[in-house]
Each structure stands twice: as C-alpha cells, then as structure tokens.
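# What the coordinates show
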Amino acid sequence: MDHLNEIENSHKVFWDVLFNTDWSEWWLVSIETFHVLIFCFVILSHRANWHSLATIVFLLLLVIMYFAQTLNTLAAQNYQYFTNEQYFDSDGFFITLVLLFPCAVNCLLFILSWLLQSWNLMVDLKVKTSENCLCISEKG
C-alpha cells in the first residue's frame with residue numbers, strides 16, 4: 001500500500017513542478033533551447049551521416065547526465081544568482097525533469113539512429129553479396 005502512495009505522491013509532485021515552474025526564466029529557456037537544438041541535431045546527423053560529430057554530442061550528453069547530481073548540488077547552493085525560486089531539491093526531481101529526461105531521450109534517439117543505420121548497412125551488404133554470388137554462378 002505504501003508503494004501506491006509513493007506513486008500517487010510522485011504524480012502530484014510531477015504535475016506541481018510542471019505547472020508551478022516559471023518556464024519563461026532565461027536559464028530555463030536556455031535549457032529548453034539546448035534540448036531542441038540537440039534534438040534537431042540528432043535528426044540532421046541521422047540524415048547527413050555525421051557519425052563522428054554525433055558520437056561527440058552523444059558522449060557530451062552522457063557526461064552531462066553523469067554529473068547531474070553535482071550540478072544539482074551546485075545549483076541548490078547558488079540558485080539565488082540565476083533565479084528567485086529554489087527548484088533544486090535533494091532528490092534531484094527538478095533537474096531530472098528538466099535536464100536528464102530530455103538528455104536520455106536524445107541519447108536513445110542517437111542509439112536508435114545508429115541501430116537503423118547498422119541494419120540498413122547489413123541489408124545492403126547482404127544484397128550486394130547475393131548479387132555477387134548470382135553473377136558468379138551465371139558466369140560459371
């Protein structure tokens with residue numbers, strides 16, 4: 001029963017944070033813009049085959065996710081320099097919602113893009129191998 005109460009409370013916290021946050025603050029707009037630009041880059045890098053640059057951005061997102069707890073602690077200690085509200089709790093719920101979840105989604109999109117490219121490469125290789133075997137058998 002306690003587990004159900006925890007889930008219920010987390011839903012309430014989620015919606016409270018979502019609706020009570022002033023999303024027009026400059027630093028939140030900057031984070032939102034960062035995530036939108038990264039998402040656009042994921043799509044563009046998939047279409048343009050920018051593998052090396054995509055790998056660097058993917059690793060950058062992983063580093064951001066790795067240091068999220070440290071960022072949360074620093075932001076909690078110094079929030080008065082960039083906002084009037086204390087959004088950063090000890091559980092890290094706000095930074096998870098604003099920073100980690102979009103980073104994780106973008107990383108997942110990178111991985112799906114790479115899997116799709118690998119799949120297409122394997123299919124192309126099999127088609128070329130089959131064509132090559134067919135040409136050899138027709139000549140022989």
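In this report, the structure presented in the accompanying data block is examined. These numbers were taken from a predicted model, which means no experiment stands behind them.

A count of helices and strands for the chain gives five helices and zero strands. Principal axes of the C-alpha set define a box for the chain whose edges measure 80 × 40 × 25 Å. Restricting the contact set of the chain to residue pairs at least 6 apart, pairs at least 24 apart contribute 70%. By element, 67% of the accessible surface of the chain is carried by carbon and sulfur atoms, the whole surface being about 10,300 Å². Of the side-chain charges in the chain, 5 are positive and 13 negative, and the distance between the mean point of each set is 28 Å.

Turning to the environment of V42, a few remarks are in order. Here V42 is to be found in helix α2 (residues 26-48). For the pair V42 and V98, spaced 56 residues apart in sequence, the C-alpha to C-alpha distance is 19 Å. Those residues in contact with V42, other than ones at most four positions away along the chain, are N106, L109 and F110.

A few words on the packing of α2 against helix α3 (residues 51-66). Packing of α2 against α3 leaves a shortest axis separation of 10 Å and a crossing angle of 145 degrees. Helix-helix and strand crossings are classified by hand; for α2 and α3 the assignment is left-handed. On α3, the residues that touch F34, I38, F41 and S45 of α2 are L53, A54, V57, L61 and I64. A class-by-class count of the residues in the contact of α2 with α3 yields eight nonpolar, one polar and no charged.

End to end, α2 covers 32 Å across 23 residues, agreeing with the expected 33 Å (1.5 Å per residue, within 8%). Taken together, the buried positions of α2 are W27, L28, H35, I38, F41, V42 and S45. The inward-facing, buried residues of α2 abut α3 and α5 (93-139). Positive backbone phi, at 60 degrees, marks N49, one or two positions downstream of α2.

Before going further, it helps to examine the nonpolar core. Ranked by internal contacts, the top residues of the largest apolar core, which has 13 residues, are I38, F41, V57, L61, L99, C103 and F110. Residues contacting F41, with those up to four places away along its chain left out, are W50, L53, A54, V57 and F110. Counting residues in hydrophobic clusters, the runner-up holds nine residues, among them W27, F88, F94 and V98.

Cut-offs used in this document
Residues numbered from 1 in each chain as written. Predicted model: local features only at pLDDT ≥ 70, side-chain atom pairs only at ≥ 80, totals over all residues. Heavy atoms only, no water. Helix = DSSP H or I, 4+ residues; strand = E, 2+ residues; numbered from the N terminus. Contact = heavy atoms within 4.5 Å. Areas by Shrake-Rupley, 256 points an atom, 1.4 Å probe, with all protein chains shown as cover. Lys, Arg positive; Asp, Glu negative; His and termini not counted. Charge placed at Lys NZ, Arg CZ, Asp CG, Glu CD. Axes fitted to C-alpha atoms, helices over the stretch in contact; angles between N-to-C directions. Left-handed = near helix turned anticlockwise from the far one by under 90°. Nonpolar A, V, L, I, M, F, W, Y, C, P; charged D, E, K, R; others polar. Expected span 1.5 Å × (residues − 1). Buried < 20%, exposed > 50% of the residue type's maximum accessible area, 1.4 Å probe, protein only. Core = buried A, V, L, I, M, F, W, Y, C linked by side-chain atoms within 4.5 Å.

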